[in-house]
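Structural characterization, general
For reference, the chains in residue letters:
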Amino acid sequence: MPRHPTLESVAARAGVSRATAGRVLSGMSVKDANREAVQQAAAELGYVTNYAARALMTGRSGSVAFVMSADEMFSDPFFATILRGVHQGVAARQRQLMFIIASVADERRRLEQYVAGGHLDGVMIGALHGPDPLPDEIRRLGVPVVQCGRPHQPDPEQPFVDADNEGGAAQAARYLLERRTSVVMVAGPSDMTPAQDRLSGFARELERAGVPLAGRVAHESFTIEGGRAAMNILLDRVPDLDGVFAASDAMALGAIQALTERGRRVPDDVGVVGFDDVPLAAAARPPLTTVRQPVIEMGRTLAEQLLDLVDGTGEARRVLLPTELVVRDSA
């Protein structure tokens, strides 16, 4: 047995070809029986992939990145949850995951230089505001990009993974309108597509119910602080409100704080519905009624689609995952 196990020795122990062993150890798709045999052989021999050699041979770094174009990662629990799913998807394909914030010009320039240097095989991008050029700039460098959320402007060449924000928001609005008489919305940033789609679903249901939208929406950031600020605006503007749809769970928690500070009881005086169903939702007091989007599945799907593009085994797709209303005690 060689002192340092080689790919050939792993293949021989597993009873497969060198090419099959290489595909397994690169995280590519092969028959289950072959994958298990190769993984067992590698473990028995103590084989460790030489990533530097593989990069020289394949022209790939073996690394992908999840890029945030703003600092929402630290204030909105949605992004921490989706990053868990991204990590699961990347780890399952035996690649390395980097997390990069590129919110200002210098950071973006360094990111583009890093990509141009061949250090990343693909990029996932989240938290875009407005018609951001970052996805196009990275694609022009020959690196595939998958976006978390619908692009701000229609782009048939840009793959993305999103949830049915409009449908979920419409369901939340219908639920509140059936139980309350004066419903408002704590909305997210107007330049982000999830916020736009959730507002669209809410507005559609108010129109169907014959309720004017004017004055019933306040935009803030997808944070607890944003939810508190928007709720205070709406309480001043619509004093008789008794139902609130918040565009994220973090915003819903901030809205509940503001309502409590203003002497309103939840759900007795005001019903509150959030969006996301992050872990904080069920732990809130009262537990939060919310629209569940499959956040971890979204993260895994982001990673899987990107790595399929990197490996040339899949096509660019626009994926829209379903949402559902989860009824708890807040409404």
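Below: a short report on this structure. (Residues numbered from 1 in each chain as written. Predicted model: local features only at pLDDT ≥ 70, side-chain atom pairs only at ≥ 80, totals over all residues. Heavy atoms only, no water.)

A separate point is the overall build of the protein. The helix and strand inventory of the protein stands at 13 helices and 12 strands. Based on the C-alpha atoms only, the size of the protein along its principal axes is roughly 80 × 40 × 30 Å. Relative to its 331 residues, the protein shows a buried fraction of 53%. When contacts within the protein are restricted to residue pairs at least 6 apart in sequence, those whose partners lie at least 24 apart make up 71%. Approximately 14,900 Å² of the protein is accessible, and the part contributed by carbon and sulfur atoms is 51%. A gap of 5 Å separates the mean positions of the 35 positive and 42 negative side-chain charges of the protein. (Helix = DSSP H or I, 4+ residues; strand = E, 2+ residues; numbered from the N terminus. Buried < 20%, exposed > 50% of the residue type's maximum accessible area, 1.4 Å probe, protein only. Contact = heavy atoms within 4.5 Å. Areas by Shrake-Rupley, 256 points an atom, 1.4 Å probe, with all protein chains shown as cover. Lys, Arg positive; Asp, Glu negative; His and termini not counted. Charge placed at Lys NZ, Arg CZ, Asp CG, Glu CD.)

The gaps of empty space that remain are located by a probe, the size of a water molecule, rolled over the atoms. Roughly 430 Å³ of volume is contained in the second largest pocket. In terms of lining residues, the second largest pocket is bounded by 32 residues, among which L128, Q147, R150, P151 and T193 are the most central. Secondary-structure elements contributing two or more residues to the lining of the second largest pocket are α5 (77–92), α7 (134–139), β4 (145–148) and α9 (193–208). Looking at which element gives the most residues to the lining of the second largest pocket, the answer is α9, with 3 residues. Here the residues of the lining of the second largest pocket sort into 13 nonpolar, 10 polar and 9 charged. (1 Å grid on protein atoms, 1.4 Å probe; cavity = no way out; pocket = protein on both sides within 12 Å on 5 of 7 lines; lining within 4 Å. Points joined across faces, edges and corners; volume = space filled by probe spheres on them. Nonpolar A, V, L, I, M, F, W, Y, C, P; charged D, E, K, R; others polar.)

As a further point, take the nonpolar core. Counting residues in each nonpolar core, the largest one holds 68 residues, and the members touching the most others are M231 and L241. Of all the elements, helix α13 (residues 295–311) adds the most residues to this core, at 7 residues. (Core = buried A, V, L, I, M, F, W, Y, C linked by side-chain atoms within 4.5 Å.)

Each pair of packed helices can be described by the angle between their axes along with the distance between the axes. Contact pair helix α10 (residues 224–237) / helix α11 (residues 249–261): the axes reach a minimum separation of 6 Å and the direction vectors enclose 50 degrees. The angle between the axes of α10 and α11 places the two elements in the oblique class. Handedness of the α10/α11 crossing: right-handed. Along its contact with α10, which presents I224, G226, G227, R228, M231, N232 and L235, the element α11 presents A250, M251, L253, G254, A255, Q257, A258, L259 and E261. (Axes fitted to C-alpha atoms, helices over the stretch in contact; angles between N-to-C directions. Parallel < 35°, antiparallel > 145°, perpendicular 65-115°, else oblique. Left-handed = near helix turned anticlockwise from the far one by under 90°.)

Another point: the sheet that holds strand β6 (residues 183–187). Strand order in the open sheet formed by 6 strands is β7-β6-β8-β9-β10-β12, with mixed pairing between adjacent strands. Both outer strands of the open sheet, β7 (217–219) and β12 (324–326), are each paired with one neighbouring strand and no more. Recorded for the sheet is a direction-independent mean angle of 20 degrees between the axes of neighbouring strands. Set on the sheet, α9 makes contact with β6, β7, β8 (243–246) and β9 (271–276); between it and β6 the angle comes to about 175 degrees. Across the sheet, α11 lies against β6, β8, β9 and β10 (289–292), angled at about 160 degrees from β9, the strand it touches most. (Pairing = 2+ DSSP bridges.)

Looking now at the packing of aromatic side chains. For any pair of aromatic rings, the description rests on two quantities: the centre-to-centre distance and the angle between the ring planes. Under the criterion given, the structure shown has 3 aromatic pairs. Between F78 and F79 the ring centres are 5.0 Å apart and the planes differ by 80 degrees, which places this aromatic pair in the edge-to-face class. In terms of burial, F78 and F79 fall into one category: buried. On the basis of an interplanar angle of 25 degrees and a centroid distance of 6.1 Å, the ring pair of F202 and F245 is categorised as stacked. Of this pair, F202 sits in helix α9 while F245 sits in strand β8, and the two are 43 residues apart along the sequence. (Phe/Tyr/Trp six-rings, centres within 6.5 Å; stacked < 30°, edge-to-face > 60°.)

Below, the discussion takes up α10. In an α-helix, one full turn covers 3.6 residues, which means residues spaced three or four apart are oriented alike. With 14 residues, α10 extends 20 Å between its outermost C-alpha atoms, agreeing within 8% with the 20 Å of an ideal straight helix rising 1.5 Å per residue. Within the span of α10, buried status applies to G226, G227, A230, M231, L234 and L235. Take α10 and look down its axis: the buried residues cluster within an arc of 165 degrees, on one side only. Exposed positions of α10 whose direction lies more than 90 degrees from the buried face are E225 and D236. On its buried face, α10 is in contact with β6, β7, β8 and α11. (Expected span 1.5 Å × (residues − 1). Arc of directions from axis to C-beta.)

Strand order in the open sheet formed by 6 strands is β2-β1-β3-β4-β5-β11, and the pairing between neighbours is parallel. The two strands at the open ends of the sheet, each matched to only one other strand, are β2 (96–101) and β11 (318–321). Averaged over all neighbouring strand pairs, the angle between strand axes comes to 20 degrees, with direction disregarded.

Tracing the backbone through its elements, the reader meets S330 in the segment after β12. Residue S330 is classed as buried on the basis of its relative accessible area, which comes to 0%. Contact partners of S330, with chain neighbours within four places excluded, come to V266, P267, V270, G271, V272, P286, P287, L288 and T289.

Following V266, the chain continues to P267 via a peptide bond in cis, the omega torsion being 10 degrees. With respect to the helices, strands and loops of the structure, P267 is situated in the loop between α11 and β9. That bond from R285 to P286 is cis: its omega, 0 degrees, falls within 30 degrees of zero. Relative to the assigned elements, P286 resides in the loop between α12 (279–283) and β10. A positive phi angle, near 55 degrees, is found at Q94, a position not held by glycine. Tracing the backbone shows Q94 in the loop between α5 and β2. We note that D276 has phi near 130 degrees; this positive angle belongs to a residue other than glycine. Along the polypeptide, D276 turns up in strand β9. The exposure class of D276 is buried, given its relative accessible area of 3%.

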